[in-house]
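# Structural overview for review
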Amino acid sequence: MKGQVSNELLVVVGFMLLIMIPLLYIMFFKMDAIRADLSMLQVHFSVARIAFLVNAVGYMGDGSAMITEIYVPETVESVTIGGASEHEVVFTMLSQGETNEIVQPTAFPIEIGDDPVQFAGDDRGGGGRYRLEMENVGGTIVLSAQPDPRNP
């Protein structure tokens with residue numbers, strides 16, 4: 001009977017290690033896929049947020065405005081807001097060797113203001129948090145960049 005507790009403890013710890021080591025091994029090799037999925041979800045959220053707020057500001061009427069903050073992952077290659085089709089928000093991202101476009105239509109035309117938002121090619125490398133102001137000017141939503149209040 002002596003040592004029974006320590007034998008049982010060794011068996012329990014052994015079974016825990018038997019389960020945990022393969023799980024850690026699998027997670028280590030799946031991290032790239034997990035990061036790609038997380039980036040895709042972040043881009044979907046950002047695109048949907050911009051489109052939703054463009055529609056909200058548009059429906060509030062002329063002169064209404066709103067400021068929002070979005071997160072853009074580093075895997076985003078280009079952002080087209082307005083452009084050829086004035087009623088779309090398009091983020092193009094590279095994910096697992098494929099180029100994906102995430103598109104969300106809007107009910108109102110979008111224009112880029114005098115202070116455009118630089119999502120790619122800036123000193124942050126394209127990824128990070130961005131503040132946008134959306135203003136309804138005669139039924140057209142004008143987007144412009146806003147400074148981050150945390151960085152004076």
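All of the points below concern the structure found in this document. (Residues numbered from 1 in each chain as written. Predicted model: local features only at pLDDT ≥ 70, side-chain atom pairs only at ≥ 80, totals over all residues. Heavy atoms only, no water.)

Each helix and strand counted, the chain has 1 helix and 7 strands in total. Each helix and strand of the chain, placed in order from N terminus to C terminus, yields the pattern α-β-β-β-β-β-β-β. Scored against the burial criterion, the 152 residues of the chain give a buried share of 31%. A separation threshold of at least 6 residues defines the contact pool for the chain, and within that pool the share at least 24 residues apart is 58%. When the accessible surface of the chain is summed, it comes to about 9,900 Å², and 61% of that surface belongs to carbon and sulfur atoms. (Helix = DSSP H or I, 4+ residues; strand = E, 2+ residues; numbered from the N terminus. Buried < 20%, exposed > 50% of the residue type's maximum accessible area, 1.4 Å probe, protein only. Contact = heavy atoms within 4.5 Å. Areas by Shrake-Rupley, 256 points an atom, 1.4 Å probe, with all protein chains shown as cover.)

Looking now at helix α1 (residues 4-60). An ideal rise of 1.5 Å per residue puts 84 Å on 57 residues; α1 reaches only 73 Å between its terminal C-alpha atoms. At K30, α1 shows its maximal kink, close to 50°. Those residues of α1 that fall on the buried side of the exposure criterion are A36, S39, V43, S46, V47, I50, A51, L53, V54, N55, V57 and G58. Trailing α1 by a residue or two, G61 shows a phi angle of about 105°, which is positive. (Expected span 1.5 Å × (residues − 1). Bend = angle between axes of the 7 residues up to and from the residue.)

In the structure shown here, the tally under the stated rule is 3 aromatic pairs. Seen in terms of ring centroids, Y25 and F29 are 4.8 Å apart; in terms of plane orientation they differ by 70°. Their pairing is edge-to-face. Residue Y25 and its partner F29 are both found in helix α1; the two are separated by 4 residues, about one turn of the helix. Judged on exposure class, the residue Y25 and its partner F29 are both exposed. The exposure class assigned to F29 is exposed, which follows from its relative accessible area of 54%. An aromatic cluster is defined as three or more aromatic residues linked by ring pairs; in this entry it consists of Y25, F28 and F29. (Phe/Tyr/Trp six-rings, centres within 6.5 Å; stacked < 30°, edge-to-face > 60°.)

Next up on the list: the sheet that holds strand β7 (residues 140-146). Neighbouring strands of a sheet are bound in pairs by backbone hydrogen bonds; such pairs are parallel or else antiparallel. Taken in spatial order, the 4 strands line up as β1-β6-β7-β5 in an open sheet, and their pairing is mixed. The open sheet has two edge strands with one neighbour each: β1 (65-72) and β5 (110-112). Pairs of neighbouring strands in the sheet enclose a mean axial angle of 30°, with direction left out of account. Its contacts with the sheet put α1 on β1, β5, β6 (128-137) and β7, and the angle it makes with β1 is roughly 175°. (Pairing = 2+ DSSP bridges. Axes fitted to C-alpha atoms, helices over the stretch in contact; angles between N-to-C directions.)

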